Amino acid sequence: MPLRFLALAATVVLWASAFPAIRVGLDGYGVAGLSFLRLAVASLALALAAPLLGVRLPRRGDLPRILLCGAAGMAAYQLLLNWGEVHVPAGTASLLVSTAPVFSVLLAGGLLGERLTRSTVLGSVIAIAGAAAIALAGGSAQASAGALIVLAAAAVQGVYHVATKPLLDHCTGFEVACYAMWTGTLLLLPLAPSALHGLATAPASATGSALYLGLLPSALGFATWGYAVARTTVTTATAALYLVPPVALVVAYVWLGETPRPAAVLGGLVSIVGVVLINRGGARARSEARSARSAERLNGQFAEELVTVATADSAQTRPGS
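Residues numbered from 1 in each chain as written. Predicted model: local features only at pLDDT ≥ 70, side-chain atom pairs only at ≥ 80, totals over all residues. Heavy atoms only, no water.

Draft legend 1. Fine view of the packing of helix α1 (residues 3-49) against helix α8 (residues 192-201). Packing of α1 against α8 brings their axes to within 7 Å, and their N-to-C directions diverge by 120 degrees. Crossing geometry of α1 relative to α8 is assigned as left-handed. From α1, Gly28, Tyr29, Ala32, Gly33, Phe36 and Leu37 reach across to α8, where they touch Ala192, Ser194, Ala195, Gly198, Leu199 and Thr201. Split into classes, the residues belonging to the contact of α1 with α8 amount to 7 nonpolar, 5 polar and no charged. (Axes fitted to C-alpha atoms, helices over the stretch in contact; angles between N-to-C directions. Helix = DSSP H or I, 4+ residues; strand = E, 2+ residues; numbered from the N terminus. Left-handed = near helix turned anticlockwise from the far one by under 90°. Contact = heavy atoms within 4.5 Å. Nonpolar A, V, L, I, M, F, W, Y, C, P; charged D, E, K, R; others polar.)

Now the structure itself:
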């Protein structure tokens, strides 16, 4: 099997395993301590790898956008996801987070002026309906509130995806991940005492899960994702991410013994169908945009040729020519 597909498979497994690992890490660290420790460990690992992978200093003009990426995609995402998983099973959380593309598409349409196709609108409605079914399948007010908090985590992840788009025009995906991770860690620095307290009192299983989350799903996961995306198509890479929720359900069952509610699984399948439609609509819109740009270039070249021919004819018919 080519290395790019192995890297893609590793990314899916690593990101899927993060959801049950969070459940274990919360025991002893709590939401605040686990959020900071995970980012701190990941930031240290990325800092060690950055010189080897040629990570450059960011441009000064990119700093506000990097701040937004770190605040939304790292700091807020960790806090909301960890908070939500206090009441929501790991597999259910993975199904809810898979709706992040819905928020990305809606934000891109509103902020970046990207055209919403019929497929993206229909897919968004279907995915939101699936997420609502998952939330209502919680069986209690606390579980439903936890599901809404995880949905908020998916929303800030959508903000992250939209905010990174201009950065990716001149930065690598790994560089953007490093900038965002380091920024998010700095923003959560006030939570460091909670992490230090957890290191002194938490069970070994919780500490092991926190270190695992920082080193593997966060640091290595971004590295394998960047490697795969650079060597395969965006469609293939994005399609692979549909496997994260089912893999997370299996890992949560093996690791934690969690059995998801049938209604939650059904809602998750509905949401994934919606996300597939969204990506198809986005791919169609990008294809149409490329075709429009190609047509504009051809029209421009044709106009230049007409001007050249007209200029030559004028010179030939000018008196004294």
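This is not the end of the story, as more comes after the structure.
Draft legend 2. Seen up close, the packing of aromatic side chains. The tally for this structure, following the rule as stated, stands at 2 aromatic pairs. Residues Trp15 and Phe222 carry aromatic rings whose centres are separated by 5.9 Å and whose planes lie at 65 degrees to one another, so their mutual orientation is edge-to-face. Note that Trp15 is positioned in helix α1 and Phe222 in helix α9 (residues 204-231), a separation of 207 residues in sequence. When the centroid spacing of 5.6 Å and the interplanar angle of 40 degrees are considered together, the rings of Trp15 and Trp225 count as tilted. Here Trp225 lies in helix α9 and Trp15 lies in helix α1, a separation of 210 residues in the sequence. (Phe/Tyr/Trp six-rings, centres within 6.5 Å; stacked < 30°, edge-to-face > 60°.)

Draft legend 3. Layout of the side chain of Arg38. Note on placement: Arg38 falls in helix α1. No salt bridge is formed by the buried Arg38; the nearest opposite charge belongs to Glu85, separated by 7.2 Å. A distance of 3.3 Å separates polar atoms of two side chains, one belonging to Arg38 and the other to Gln78. Setting aside residues up to four positions removed in sequence, Arg38 forms contacts with Ala18, Ile22, Gln78, Ala210, Leu213, Gly214, Pro217 and Ser218. (Buried < 20%, exposed > 50% of the residue type's maximum accessible area, 1.4 Å probe, protein only. Lys, Arg positive; Asp, Glu negative; His and termini not counted. Salt bridge = Lys/Arg side-chain N within 4 Å of Asp/Glu carboxyl O. Polar contact = N/O pair within 3.5 Å; in protein donor to acceptor, adjacent residues only side chain to side chain.)

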